[in-house]
Amino acid sequence: MRELVIDLDAIVENLNTYKKLAPGAKVMAVVKANAYGHGMYEVALKLERAKVDYFGVADVDEALHLREGGLETPVLAWLHDPNDRFTEALEANVELSIANLEQLERVADAARLTGKVARVHLKIDTGLGRNGSTIEDWPALVSAVVALCDEQLLECVGVFSHLSTTSEPDDRHQMALFDEATETAKRLGLDFELRHLTASDGTISYPDANFDMVRIGVGLYGLSPFVGHTAAEYGLRPAMTARALVTQTKRVKAGTGISYGYMARTTKETTLALVPIGYAEGLPRNASGKAEVSIKGKRYTIESRIAMDQFVIDVGDDDVVAGDEVVIFGDPATGVPSADDLAVAADTINYEIVTRMGGRFYSTYLGAVD
Ligand SMILES: *Cc1c(COP(=O)(O)O)cnc(C)c1O
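The structure displayed is predicted, hence computed values, not measured ones. (Residues numbered from 1 in each chain as written. Predicted model: local features only at pLDDT ≥ 70, side-chain atom pairs only at ≥ 80, totals over all residues. Heavy atoms only, no water.)

(A) Expanded view of the sheet that holds strand β1 (residues 2-7). Across the sheet, which stays open at both edges, the six strands sit in the order β16-β15-β18-β10-β1-β19 with mixed pairing between neighbours. Here the strands that pair on one side only, and so sit at the sheet edges, are β16 (298-301) and β19 (362-366). Mean inter-strand twist for the sheet, computed between neighbouring axes without regard to direction, equals 30 degrees. Where strand β15 (residues 292-295) lies against β16, four bridges are found, and the strand directions are antiparallel. Residue pairing across strands places I295 opposite K298, the latter belonging to β16. (Pairing = 2+ DSSP bridges. Helix = DSSP H or I, 4+ residues; strand = E, 2+ residues; numbered from the N terminus. Axes fitted to C-alpha atoms, helices over the stretch in contact; angles between N-to-C directions.)

See the structure below:
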């Protein structure tokens, strides 16, 4: 009744598009947050078969979930709280980002306990003001890492940072600091096999800054990383289609109030169609009055209030009956609204739209690996 159709072949095509955009660099597929709502396990399995170089996730739990599913591709987790399961992470060959001395101590303890050499990537905050070591703390962190590498508790695989994408000068400043930090580390005795900085947007904007690996999230799912630009401009194809079947239609008189608060009232006799998708599925309530959906190729605006379980559209005298397919969003090349269209209607970005889809949607996969 409510379905997210995930085209895994589109995701592999998008991976190949990014490989061409970043020749010579490895690609880390960012599959955090349930692969931006697309299904982490199914997406990761497909990408592993397509020989992706790395997986990236936010936290250790997500990385362990991949390992429990039998995935073997290197995986990096970068957002840790003090209770995160570093011991289990090392036992499962999960690579860890290190942002400060406290995390470094804990990873060294986990290495001592398990007898495993921890593979780490140092995270430097070059100006996003989020995760990572400050420039000031960097030399002390690097020196401590060098000491633990000498003890053979650690292997320092990578160094990474993340751009704010505020403006080109801001990003260029971050790149310069990233280079400096790498140089500082080198002087202190640390060399990195994998330097990685850019995500879906920076990989396109700054081909000169792709370093050894690029970390691709939203672009893999076929969405544009740039507001106001379509995915098609970059040769990317959206992988997610959200759809449902009309549950009921009825003829009503002019002046009928529709849904909570009567945001809309009919102006003439018309047909109302009820669609079983609401904010419980992630359809943003504040898109009421703005979002469009598609039935048999025709667009209808959701003029009335989106509720928890359902919304109503006025289809006029069109031939719409229970069981007809309603597309909430999908690939605009097929004439349906895009995730970007819904994002504009809800005053957010396409990333949030796909990631928040859930609730009673169930996912089906095209091109699934058996
Ligand atoms: C989420 C994330 C990415 C992926 O970003 P996209 O814009 O979706 O490509 C890359 N790096 C880090 C550190 C992230 O948190």
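(B) A look at the UniProt feature "domain: Alanine racemase C-terminal" (unreviewed entry) in the protein. The feature "domain: Alanine racemase C-terminal" (unreviewed entry), as given by UniProt, occupies residues 239-366 in the numbering adopted here. Between the C-alpha atoms that bound residues 239-366 the distance is 9 Å, and the span itself is 11% helix and 35% strand. (UniProt positions renumbered as here; feature names shortened; annotations may be inferred.)

(C) Geometry of the domain arrangement of the protein. Its domain assignment divides the protein into domain 1 (8-221) and domain 2 (240-366). Between domain 1 and domain 2, the C-alpha centre-to-centre distance is 38 Å. With nine residues of domain 1 at the contact, the number on the domain 2 side is seven residues. For the pairing of domain 1 and domain 2, the buried interface totals around 820 Å² over both sides, and the portion due to carbon and sulfur atoms is 62%. Sorting the residues of domain 1 by area buried against domain 2 places Y36, H38 and V218 first, and these three jointly supply 51% of that buried surface. At the junction of domain 1 and domain 2, the tally comes to zero salt bridges. Broken down by secondary-structure element, the contributors of at least two residues to the side of domain 1 that touches domain 2 are α1 (8-21) and α2 (32-36). For the side of domain 1 that touches domain 2, the class distribution of residues is four nonpolar, three polar and two charged. (Domains from an automatic or database assignment. Contact = heavy atoms within 4.5 Å. Buried area = accessible area lost by both parts, 1.4 Å probe. Salt bridge = Lys/Arg side-chain N within 4 Å of Asp/Glu carboxyl O. Nonpolar A, V, L, I, M, F, W, Y, C, P; charged D, E, K, R; others polar.)

(D) Main features of the packing of α1 against helix α3 (residues 40-49). As a packed pair, α1 and α3 sit with axes 10 Å apart at the nearest point and diverge in direction by 50 degrees. Here α1 lies oblique to α3, going by the angle between them. The element α1 and its partner α3 pack so that their crossing is right-handed. Taken together, the residues of α3 that come into contact with α1 (itself represented by L8, D9, I11, V12 and L15) are E42, V43, K46 and L47. Its residues assigned to classes, the contact of α1 with α3 comprises six nonpolar, no polar and three charged. (Parallel < 35°, antiparallel > 145°, perpendicular 65-115°, else oblique. Left-handed = near helix turned anticlockwise from the far one by under 90°.)

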